[in-house]
Structures are given as C-alpha cells and as structure tokens.
Amino acid sequence: MAVSSAFAGAKLENLLPTITSSASASASASASPSRSAAAALPSQIRVSFKQTPMRGALIQRFRPAICCLVASDVSASPSSSLSALEQLKTSAADRYTKERSSIVVIGLSVHSTPVEMREKLAIPEAEWPRAIAELCNLNHIEEAAVLSTCNRMEIYVVALSQHRGVKEVTDWMSKTSGIPVSEICQYRFLLYNKDATQHIFEVSAGLDSLVLGEGQILAQVKQVVKVGQGVSGFGRNISGLFKHAITVGKRVRTETNIAAGAVSVSSAAVELALMKLPESSHSTARMLVIGAGKMGKLVIKHLVAKGCTKMVVVNRTEERVSAIREELTSVEIVYKPLSEIQTCAAEADVIFTSTASETPLFLKEHVIDLPPVGQEVGGLRRFVDISVPRNVGSCVTDLDTARVYNVDDLKEVVAANKEDRLRKAMEAQAIIVEESKLFESWRDSLETVPTIKKLRAYAERIRVAELDKCLSKMGDDISNKTRRAVDDLSRGIVNKLLHGPMQHLRCDGSDSRTLSETLENMHALNRMFSLETEISVLEQKIRAKVEQTQK
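Residues numbered from 1 in each chain as written. Predicted model: local features only at pLDDT ≥ 70, side-chain atom pairs only at ≥ 80, totals over all residues. Heavy atoms only, no water.

### Things to note about the overall build of the chain
Stage number 1. For the chain, the count of helices and strands is 19 helices and 12 strands.
Stage number 2. Evaluated residue by residue, the chain yields a buried proportion of 47% over its 551 residues.
Stage number 3. Within the chain, residue pairs in contact and separated by at least 24 positions form 70% of the contacts whose partners lie at least 6 positions apart.
Stage number 4. Only carbon and sulfur atoms are counted for the fraction: they give 53% of the accessible area of the chain, which is about 28,000 Å². (Helix = DSSP H or I, 4+ residues; strand = E, 2+ residues; numbered from the N terminus. Buried < 20%, exposed > 50% of the residue type's maximum accessible area, 1.4 Å probe, protein only. Contact = heavy atoms within 4.5 Å. Areas by Shrake-Rupley, 256 points an atom, 1.4 Å probe, with all protein chains shown as cover.)

### Topic: a nonpolar patch on the surface
Stage number 1. On the surface, L489, I493 and L497 cluster together to form a nonpolar patch covering roughly 320 Å² of accessible area.
Stage number 2. Its location among the elements puts L497 in helix α17 (residues 480-503).
Stage number 3. For L497, a relative accessible area of 62% puts it in the exposed group. (Patch = residues over 30% accessible without salt bridge, like charges linked within 9 Å, V, L, I, M, F, W, Y side chains within 5 Å. Salt bridge = Lys/Arg side-chain N within 4 Å of Asp/Glu carboxyl O.)

### Thoughts on the sheet that holds strand β8 (residues 310-315)
Stage number 1. Strands sit in the order β9-β8-β7-β10-β11-β12 across an open sheet of 6 strands; the sheet is parallel. Sheet topology places β9 (332-337) and β12 (402-405) at the edges, where each strand pairs with a single neighbour. On average, each strand axis in the sheet is tilted by 20° relative to the strand beside it, whichever way the strands run.
Stage number 2. Relative to β8, strand β7 (residues 287-290) runs parallel, the two being bridged by 3 bridges. Its bridge partner being in β8, V289 is matched across the sheet by V313. (Pairing = 2+ DSSP bridges. Axes fitted to C-alpha atoms, helices over the stretch in contact; angles between N-to-C directions.)

### As for the confidence of the model for the chain
Regions with low pLDDT carry predicted coordinates that are not meant to be interpreted in detail.
Stage number 1. The share of residues in the chain with pLDDT of 70 or more is 75%, and the mean pLDDT across the chain is 79.
Stage number 2. Mean pLDDT per element in the chain: strand β1 (residues 18-20) is the minimum at 37, and β7 is the maximum at 98.
Stage number 3. Here residues 88-98 is modelled with pLDDT under 50, and outside its nearest four sequence neighbours on either side it reaches 20 contacts, counting other chains as well. (pLDDT = per-residue confidence, 0-100.)

### Comments concerning the nonpolar core
Stage number 1. The biggest cluster of nonpolar side chains holds 60 residues, and the ones touching the most others in it are Y156, V157, V169, M173, I200 and F242.
Stage number 2. The residues touching V157, leaving out its near neighbours within four places in the chain, are S102, I103, V104, I106, I141, E143, A144, V169 and I238.
Stage number 3. A273, V313, Y335 and L410 belong to the second largest nonpolar core, which has 34 residues in total. (Core = buried A, V, L, I, M, F, W, Y, C linked by side-chain atoms within 4.5 Å.)

### Section: the layout of surface pockets
Stage number 1. Size it by volume and the largest pocket reaches roughly 1,300 Å³.
Stage number 2. Forming the walls of the largest pocket are 32 residues, and the residues nearest its centre are V211, E214, Q216, L298 and H302.
Stage number 3. Elements supplying a minimum of two residues to the lining of the largest pocket: α9 (216-228), α11 (265-276) and α12 (294-305).
Stage number 4. Per element, the largest residue contribution to the lining of the largest pocket is 6 residues, and it comes from α12.
Stage number 5. Tallied by class, the residues present in the lining of the largest pocket amount to 11 nonpolar, 13 polar and 8 charged.
Stage number 6. Looking at which domains feed residues into the lining of the largest pocket, each of domain 1 (102-256) and domain 2 (265-411) supplies at least three. (1 Å grid on protein atoms, 1.4 Å probe; cavity = no way out; pocket = protein on both sides within 12 Å on 5 of 7 lines; lining within 4 Å. Points joined across faces, edges and corners; volume = space filled by probe spheres on them. Nonpolar A, V, L, I, M, F, W, Y, C, P; charged D, E, K, R; others polar. Domains from an automatic or database assignment.)

### Some remarks on the pattern of salt bridges
Stage number 1. The full count for this structure, using the stated rule, is 18 salt bridges.
Stage number 2. The closest approach of N and O atoms between R286 and D349, which form a salt bridge, is 2.9 Å. On the criterion of sequence distance, the pair formed by R286 in the loop between α11 and β7 and D349 in the loop between α14 (341-346) and β10 (350-353) is long-range, its members being 63 residues apart.
Stage number 3. Of the residues examined, R286 reaches a relative accessible area of 38% and is grouped as partly exposed.
Stage number 4. Among the residues examined, D349 registers a relative accessible area of 5% and is labelled buried.
Stage number 5. The partner of K424 in a salt bridge is D420, and the shortest N-O contact between them spans 2.9 Å. In this pair, K424 and D420 both sit in helix α16 (residues 407-474), 4 residues apart, roughly one turn of the helix.

### Notes on the packing of helix α8 (residues 194-205) against helix α10 (residues 236-256)
Stage number 1. For the pair α8 and α10, the least separation of the axes is 8 Å and the interaxial angle reads 45°. By the angle between their directions, the pair α8 and α10 is classed as oblique. The two elements α8 and α10 meet at a crossing, and its hand is right-handed. Residues T197, I200, F201, S204 and A205 of α8 pack against L241, F242, H244, A245, I246, V248, G249, V252 and R253 of α10. (Parallel < 35°, antiparallel > 145°, perpendicular 65-115°, else oblique. Left-handed = near helix turned anticlockwise from the far one by under 90°.)

### Description of α12
Think of an α-helix as turning once every 3.6 residues; residues three or four places apart then point the same way.
Stage number 1. The terminal C-alpha atoms of α12, which comprises 12 residues, lie 17 Å apart, in line with the 16 Å expected from a rise of 1.5 Å per residue.
Stage number 2. Close packing links the buried residues of α12 with α11, β7, β8, α13 (319-327), β9 and β10. (Expected span 1.5 Å × (residues − 1).)

### Description of the sheet that holds strand β3 (residues 102-109)
Stage number 1. In spatial order, the strands read β4-β5-β3-β6; together these 4 strands make up an open sheet with antiparallel pairing. Taken across any chain shown, the strands that pair with only one partner, and hence form the sheet edges, are β4 (141-148) and β6 (189-192). If you compare each strand with its neighbour and ignore which way they point, the axes differ by 15° on average.
Stage number 2. Inspection of the sheet shows β4 paired to strand β5 (residues 152-159) by 7 bridges, in the antiparallel sense. In the sheet register, L147 faces β5, and the bridge partner there is E154.

### Section: the environment of V252
Stage number 1. Within the secondary structure layout, V252 lies in helix α10.
Stage number 2. Classification of V252 as buried rests on a relative accessible area of 0%.
Stage number 3. As a C-alpha pair, V252 and E202 span 50 residues in sequence and 9.6 Å in three-dimensional space.
Stage number 4. In contact with V252, other than residues within four places in its own chain, are A205, N257, I258, A428 and I431.

### Points about α17
Stage number 1. If you check α17, its first and last C-alpha atoms are 34 Å apart, about what 24 residues at 1.5 Å a residue would give, namely 34 Å.
Stage number 2. By the largest-angle criterion, L497 marks the main kink of α17, which is about 25°, and a proline, P501, follows within four residues.
Stage number 3. For α17, the complete set of buried residues consists of V486, D487, S490, V494, L498 and M502. (Bend = angle between axes of the 7 residues up to and from the residue.)

### Structural notes on the environment of N315
Stage number 1. Topologically, N315 is positioned in strand β8.
Stage number 2. In this structure N315 comes out as buried when scored by relative accessible area, which is 12%.
Stage number 3. Taking C-alpha positions, N315 is 6.2 Å from I290, a pair spaced 25 residues apart along the chain.
Stage number 4. When near neighbours in sequence (up to four residues on either side) are disregarded, N315 contacts G291, A292, R320, V321, Y335, K336, P337 and L338.
Stage number 5. Among the polar contacts made by the side chain of N315, one reaches the main-chain amide nitrogen of A292 at a distance of 3.1 Å. (Polar contact = N/O pair within 3.5 Å; in protein donor to acceptor, adjacent residues only side chain to side chain.)

Dropping the structure here:
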C-alpha cells in the first residue's frame, strides 16, 4: 500500500486543515510561512496547522480545493463547511490508501557496471543488517534487503512511493559509496513489482549469471535470508520474496538440471579429464596442475568440487600456491618448483597445464621416457593443455602412451554444454513464470488479511454476546451437553455466514477473481462493518515513520 510523500511527515488527522470561526483570524507581521499561506485563504475561514516541517507545502497543496469548497457556499454554516472538508479528507485518504506498497530493486550488475564502481558500492555481509536498518529509516522505505556479490550489487526494498523510494535509496548509495548520484544513475537498473520478482527468481536460478546456471548465486541468496533473520527491516514481503526465490532456484536446478555440463574452459578441462578416466579411478588418479595463475586456480577449484582430495601444483613461486592452499583447506595441495616439473610429470596420471610460457613445456622427447601409468587409469598419461600458446607440443600425440587435449577440444565441450543450457534456460523461464504467479497471489492475499481478522473478530464478539444472552434466558439448570450444542450451533451459523465474504476476500489464483475485485470487496466490507482496516494500517505506517524521524 503506497502513501504519497505528503503523508510522510504527519499523522493522518493532521494532514488537512481544520476550519475554525473567523472571529479569531488574525496574524502577526512575523507570522511563519504556514500562517502567511493560511492568511491567503478566503476571509470566511482560518486554516490552522500543527507545527510540522511540511506544513507550508500541505497548505499550498490543499488550498485550491478548500477555496473551491468555500466559494461554492460562502454562507454555509461552520458545521456544513466542516462536513465538506471531512469529505475531502476522506476522499484524499481513500485515494492514497487504495494504492499499494511496491517491491523495487535498485541494482548494478556485471553485465553493465564497471568493476571499479561495483567495488565501491559493495557492502560486506557483516554490514548487511546495518544497511537494512539505515534503508528502513528512509521516509518511504518499509522493508529492505541487500544482495552484494562480486558480480552484482542489488538493493531490494518495499517502498511506500516508487519515485521517492528510488530517489532516497539512490541518495543513500551515493552517500555510503562516495559516488555521485548522476554516475550511479548512469549504470543502475530499476525494476518494480512483477519485474523485480521475476529478476530475483532468475538470479536465484542462475539465469542472470555470467556462467548460465552456476550454483554459487543460490547459496548467496540463501545467505541473504540467513543474515536477515531477526533484522526488523527484513520484513514479511522481502523475506517471502527471497524465500520463494530459493524455492525457485532449487526447483529449476532439479527439474532442468541446468547446472550440469561445463561451460568454462577450466571446468571443461576437468570434466573432459574425468570423462576419459575410468570412473573407478576418479578418486585415486594422481593429479598434477602446472601453473597457479587464474586458470590454474580455477582448475584446482573444479578438481576439488569433483571430489579430488590431493594434487601437486608446480609453479615458479610458492606464494600463489600458499594462497590457494589457505583458501581450500579441505584438500592437500603439494607445492613443487618449476625445476622439478619432469619428476612431477613422471608421478602423475593426469597433467593440466596453464602457464604463460611461450615455448612448450613438454615435447615428445620429454614424455617418451616417462614411466608408464597403471592400467587402473587406462594405461594412458593424459595431458589437458588450456594454455595459449600451447604448453604441450602436438608431437606428443604420436606416442601410444599419451593423449593430449587442447583448448580447441575443450571449446567443443563448452559449446555443446552452452547450447544445452540455453535449452534448459527456456524450460526454467516457464517455471519462473509459474512461480511468479504463485508469489504474486501470496502477496495479494496479504492485502486482505487485516480485514479478514477484523471481520472474524467482529462476528465473534456478536456471537459471544448473543450466546451469553441465550444461555442466561435458558437458566442455570441446563446441561453441559446442551450448552455445547448451543455453542456449536452459534459457531456453525457464524462460519456459514462468513464463508461467502471470506471467499471473496481471498485472491490466491484458484478462481477468476482479480485483485481489483478482491480489494473492492474488502473496501465494501470495511464500510459496511466499520472495520476501517486500511485507514488504521495507513496510520500505523505513518506513525512508525514519524517516530523514526523523531529519534
């Protein structure tokens, strides 16, 4: 439910002027701007406002309407004028309370934003609760969540006003990062409601990742929920959105198997090597990685992900290998200097090469004298060369005891897997559309929850009161069985009477009823039974914001 900016700084009952008699209409020369504006109104009325920062703007906003009402009947009595203004107040409040809070995502991603900017805007996980609290202290933000990874920086909020909410969040991002608002606006993307829902579902499913279907992002979405637990600003809407996103991410991966198949050179190198090895030797094959740069590190990570627990890494210096060892504590990584490359190759079944050397590290004469490998790995020493220029000479393929695979071989694997993942992504989109409808239905249902509760409470009060009257007339000598029967009868009547209204207050996608029809039913019930649910919710939201600004 959205609230106009004019409501942000004052309680509902103070948002419109109160007409008083003209006898007390006088203002001093040093009157405040609000009093000066009030003095500009027709002489038949005086408009008084409580002292709030927004009083001048409010007077200017409602003065034309007030003047119009007064001009229509200058001779009207004070009571009739007051009645007219109350109608104006009710219609204005009704116009705003019928609006709905918006889910908004303000984001910058690897697809469009330089890494230098993402670095400045990044929020460490430990700071997420503080960021949520600060965002929810903004005038038009009710709930918030932060998804900050190496590839994206996205802020999800429930905003009382889309335009003002986006402006406040963007200003906050500028303030915390030191990046000018104009520069953030140049790269940011904005998504609202259904588009925002679809986006986080696609993110969780891995459809928005550089590597289609990668699984790390799902773990990061889960972490948002874990960190948000107990943080007051991580409210029902945002919490529900992220929890549903986790469900979508799991469902997409289970039903489409989109994460299967390597789509990067390093992952393809590992996948190809394991495909060529007998399955029984996957856990025992001796792995050698030559080069601990970016590609070498990725090879090591993919080997670990596939269950490898020990490997030898050859590199010019030990520094990079030590850093990898500290990061991957669950695996045994043995460092060897480049000078021992031949000795290490003699003790390896699979050799991955990823160095920047401009000359081959292995030629036919280097490999021919290496001791044969065991039959448990197929009797062949396998070289997987992902370097350009190549680290393994093509002449090695002439040997019957060795097999060589280079980048071109891997590209075929990657291309085939990418094509397969694109097909699976189309299947995933169908799942996302289905789940988005379910989430929207759940969120729609939240709109009527207060009315359902108040209507049930209203009916229960009447039932209990009438039941007491009935039982008192029946006397004290009636049996407990009779009392229970009368009580059950009253409950049954109330439940049957409420069944119809309750059905028309639900919008869960199980029938053709639209949200607008459901909300019309809600407003009708509010009026008929004087429940005033929406007005009370609005006042609660405004009061909460006023209390925040006064702290």
